[in-house]
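Architecture at a glance
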Protein chains: 2
Amino acid sequence: MTQNKQALTFDIKRKIPNTLARSGTISTPHGDIQTPAYIGAATAATMKTLTNAEIDALGAQSILSNTYHLMLRPGADLMEKAGGIHKFMNYNKPMYTDSGGFQVYSLGMAYKKGLDATSHTTKGSSENAVMSADQLTKVDKEGVWFKSHLNGDKIFMTPEYSMELQHQIAADVHMAFDELTSPLSGREQIKSALDTTHAWAERSLRRHVALNAVHAEKGENQQALFGVVQGAREEDFRYESAGFLGGLTLETGEQFDGFGIGGTFQPEELPDVLTWINETLPEGKPRHLLGMGAQPADLFLGVEFGCDTFDCVAPTRQGRNGAIFTYDGRINITNKRFEDDFTPIDSECDCYTCLTHTKAYIRHLFKANEVTGMVLASIHNERFVVKTVEDIRQKLNESDAAFWAYKRDFLVRYYGQERAKDFLYTSPADWQ
Amino acid sequence: MTQNKQALTFDIKRKIPNTLARSGTISTPHGDIQTPAYIGAATAATMKTLTNAEIDALGAQSILSNTYHLMLRPGADLMEKAGGIHKFMNYNKPMYTDSGGFQVYSLGMAYKKGLDATSHTTKGSSENAVMSADQLTKVDKEGVWFKSHLNGDKIFMTPEYSMELQHQIAADVHMAFDELTSPLSGREQIKSALDTTHAWAERSLRRHVALNAVHAEKGENQQALFGVVQGAREEDFRYESAGFLGGLTLETGEQFDGFGIGGTFQPEELPDVLTWINETLPEGKPRHLLGMGAQPADLFLGVEFGCDTFDCVAPTRQGRNGAIFTYDGRINITNKRFEDDFTPIDSECDCYTCLTHTKAYIRHLFKANEVTGMVLASIHNERFVVKTVEDIRQKLNESDAAFWAYKRDFLVRYYGQERAKDFLYTSPADWQ
């Protein structure tokens, strides 16, 4: 694994004592990511509604695409023929792909059940959190049968196949193939999925190492693989999962390059769950909190409890629906009160949208169903989360006090004093 | 009208002998337009899918919005409260508005009839080209009743009201309120609508002058007004209309600042119709060909026969549907043959899309219903027409021979030798 360009290194720069928070640098063949960092969600090899120039301008250091979606469209063979995802979309910074594991859940147990597959709440009835006839996936120990949500084609996804697809897509960082559970699942279901996840993690790593050996022979870049920690809200399972994946070593010495953390839920749950995981994982490897960042509390708690990177589709999705972040809380731009508001969405924001346009104009675009409104809202929301994590990083590098003060000021202003208290219980003594 | 910033001046730079073609400069309070020029269509105060930065980057010198659409949403009062359309959308170059007259037709006689209201063909049956019960407009000599296509509200639009709305919106160049006819209308209908259009032109000018006097008192910019020539395919009516509007002078001396040309159809018809009009209109004032530019022949013939500016929704609309201009003709990007085509849409194009992305990537975005695909296609199509008119202008300024050679080479390459001949009959002797 050392003949050519290394897959990934991680250097820790600064830590905050008595917490799991740290800053650092992830290095990949396509450049560095200063952490903590927000990774933009680019499901189908595009950050929805934005051009590459706009992605760069909003300060994104890296983006994450979805293996399942790219496998169906345009297909992993085409991605390989293009020379990999970087060349396919002409994006030259570090890229991540997920494994397809999330879709095992969202198209499986959660499919058309009213279970909330994306925001990690417990919406829906626990009686529905079981397998059913019309779901689009079927899991066995070997792998997962998918029925394409596009054309009904049957696909058998295994850990090995997920790795082959991800190596064809050729992002810098891959995720091991895992089995998620529902927020409503019982311990027995969770344990069974966890055992499957661990067996698949080892198979993923083994296939990944073999594929990297092929890259080495061809003089191509090495690619990195993260194991994905599962175990839902169960303390013992999270310890077990982090311990297993953190220690997993092939006979030839290879280990995971970092870790994804899956199946996390509400921001209030992050401190406990992330403590169990991140005090167990090896300290020197990066940790990516999968699908979290729908609201600012996720980011502050994620950093405080030891995560280095984040991704979430929510900021652009909410933006497309007119739900827009401001430092004083989230607003809906279509609200009548913004009709003649000729001020920016947020006067402190440095994004193109806020430097160029008023709420009245953006509201008009939404009311008139103009795509430009979705573009401008996506630019703003994405810049808002990228900038928030940038600011967290800067404060973290400055001093412990700067980090705590920034966290307090931001969350109190965003959520109000009462609600913010839910996220501030770990703050220092000067907090009341 | 001379106390403050003049509404509009037009200086002719160069003419091609034995044609009506000329280049020049239109000056407005928001800057100059080098003509011939393509004016981007920005119906609802946005060029669909694009940001202002993208509009600037594609080289647009000016954009045109639609009074009827803005009147309904966000409303002319709000536009005035914002300080006019330039401030509302933060666009600082010259702007045009149409009068609402086109919607008299498209929501009236043409409404839900299968008549082609936008591409000026004769699609549909002439038996349908009559008033009907469910159309959304009703014309009388005083004005037009509109039933809002959004909420059914009834609006009575008169020439005076159109001018009041346009002055509230406050673009640099307005159009007089007119009555269009269908491509299928008979001479009697056309003559009746023409008489109405001329009566309304005078009422428009009168109200416009009064509103400019109010601007003068307030120290605000003067705004310009173009009379709109109608008369369909009828030679005598076109002479009559151009003569009437070109000579129209109020007792106090005011005239139109320029002219719009409405109700033109296929490119093959442009030479005759434009000759009738443009050899009649006063030479020293700019002429805007309304709604033409769906294909390159429109632009070449429009310039050759005396038009200075053009606007058309077709390039962005076609782009959003995946129909994309190249110098070798129009392609549909969703075609299977582009699946693994890793070359730009057009290797000679200098737009962001062509400098950044391949056909395979753009096709993928369209197949995956990603908005970014529509953005990239709109950037390209709009740049293609803007650039084509830029190149026509450059050649026209260079020499007669350069203009003719450019026209011939472009059209033969785009349409093929046979079809191009339809557009080349006025070329010089060296053309065969």
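About the cut-offs
- Residues numbered from 1 in each chain as written.
- Chains lettered and ligands numbered in written order.
- Predicted model: local features only at pLDDT ≥ 70, side-chain atom pairs only at ≥ 80, totals over all residues.
- Heavy atoms only, no water.
- Helix = DSSP H or I, 4+ residues; strand = E, 2+ residues; numbered from the N terminus.
- Areas by Shrake-Rupley, 256 points an atom, 1.4 Å probe, with all protein chains shown as cover.
- Contact = heavy atoms within 4.5 Å.
- Buried area = accessible area lost by both parts, 1.4 Å probe.
- Salt bridge = Lys/Arg side-chain N within 4 Å of Asp/Glu carboxyl O.
- Nonpolar A, V, L, I, M, F, W, Y, C, P; charged D, E, K, R; others polar.
- Core = buried A, V, L, I, M, F, W, Y, C linked by side-chain atoms within 4.5 Å.
- Buried < 20%, exposed > 50% of the residue type's maximum accessible area, 1.4 Å probe, protein only.
- Pairing = 2+ DSSP bridges.
- Axes fitted to C-alpha atoms, helices over the stretch in contact; angles between N-to-C directions.
- pLDDT = per-residue confidence, 0-100.
- Domains from an automatic or database assignment.
- Polar contact = N/O pair within 3.5 Å; in protein donor to acceptor, adjacent residues only side chain to side chain.

**A look at the overall build of chain A**
Along chain A, the regular secondary structure elements total 16 helices and 16 strands. If you sum the accessible surface of chain A, you get close to 15,600 Å²; carbon and sulfur atoms cover 48% of it.

**Overview of the interface of chain B and chain A**
Facing 39 residues of chain B, the contacting portion of chain A comprises 38 residues. Summing both sides of the interface, chain B and chain A together bury roughly 3,200 Å²; the carbon and sulfur share of this comes to 58%. Between chain B and chain A we count four salt bridges in total. Of the charged contacts in the structure, one is a salt bridge between B:Lys81 and A:Asp340, with a shortest N-O distance of 2.4 Å. Split by residue class, the side of chain B that touches chain A holds 21 nonpolar, 10 polar and eight charged.

**Quick word on the nonpolar core**
Among the nonpolar cores identified, the biggest contains 204 residues, and A:Ile85, A:Phe256, B:Ile85 and B:Phe256 are the most heavily contacted of them. Leave out the neighbours within four places in its chain, and A:Phe256 touches A:Ala176, A:Ala201, A:Leu205, A:Leu225, A:Phe226, A:Gly227, A:Leu245, A:Leu248 and A:Lys285.

**Overview of the pairing of strand 1 (residues 9–15) of chain A**
Sheet analysis places strand 1 of chain A next to strand 2 (residues 22–28) of chain A, joined by six bridges and oriented antiparallel. The partner of A:Lys15 across the bridge, within strand 2 of chain A, is A:Arg22.

**Concerning the sheet that holds strand 7 (residues 137–139) of chain A**
All names here are of chain A. Overall, antiparallel pairing links the three strands, which are arranged 7-8-9 in an open sheet. With one partner strand each, in any of the chains shown, strand 7 and strand 9 (154–157) form the two edges of the open sheet. When strand polarity is set aside, the average angle formed by the axes of neighbouring strands in this sheet is 15°. Pairing of strand 8 (residues 144–147) with strand 9 involves four bridges; the strand directions are antiparallel. Opposite phenylalanine 146, over in strand 9, you have isoleucine 155 as the bridge partner.

**What to know about the confidence of the model for chain A**
Residue and element names in this part refer to chain A. Looking at chain A as a whole, its pLDDT mean stands at 91, while 90% of the residues score no less than 70. Note on residues 116–120: pLDDT under 50 across the span, and 16 contacts to partners over four residues away in sequence or across chains. Taken as a whole, residues 427–432 scores under 50 in pLDDT and shows 11 contacts with residues more than four places along the chain or in a different chain. The ipTM value of the predicted complex is 0.94, and its pTM value is 0.94.

**Observations regarding the domain arrangement of chain A**
Residue and element names in this part refer to chain A. Once the domains are mapped, chain A shows domain 1 (9–117 + 130–311), domain 2 (321–398) and domain 3 (404–431). For domain 1 versus domain 3, the separation of C-alpha centres amounts to 30 Å. Taken together, the 12 residues of domain 1 in the interface contact 12 residues of domain 3. A buried area of about 1,000 Å², summed over both sides, lies between domain 1 and domain 3, and 67% of it is on carbon and sulfur atoms. Along the contact surface separating domain 1 from domain 3 lie two salt bridges. Two residues, glutamate 268 and arginine 419, come together in a salt bridge whose shortest N-O distance is 2.7 Å. Taken together, domain 1 and domain 3 are joined by four residue pairs in polar contact (both at pLDDT 80 or more). At five residues, helix 10 (residues 296–304) tops the list of elements feeding residues into the side of domain 1 that touches domain 3.

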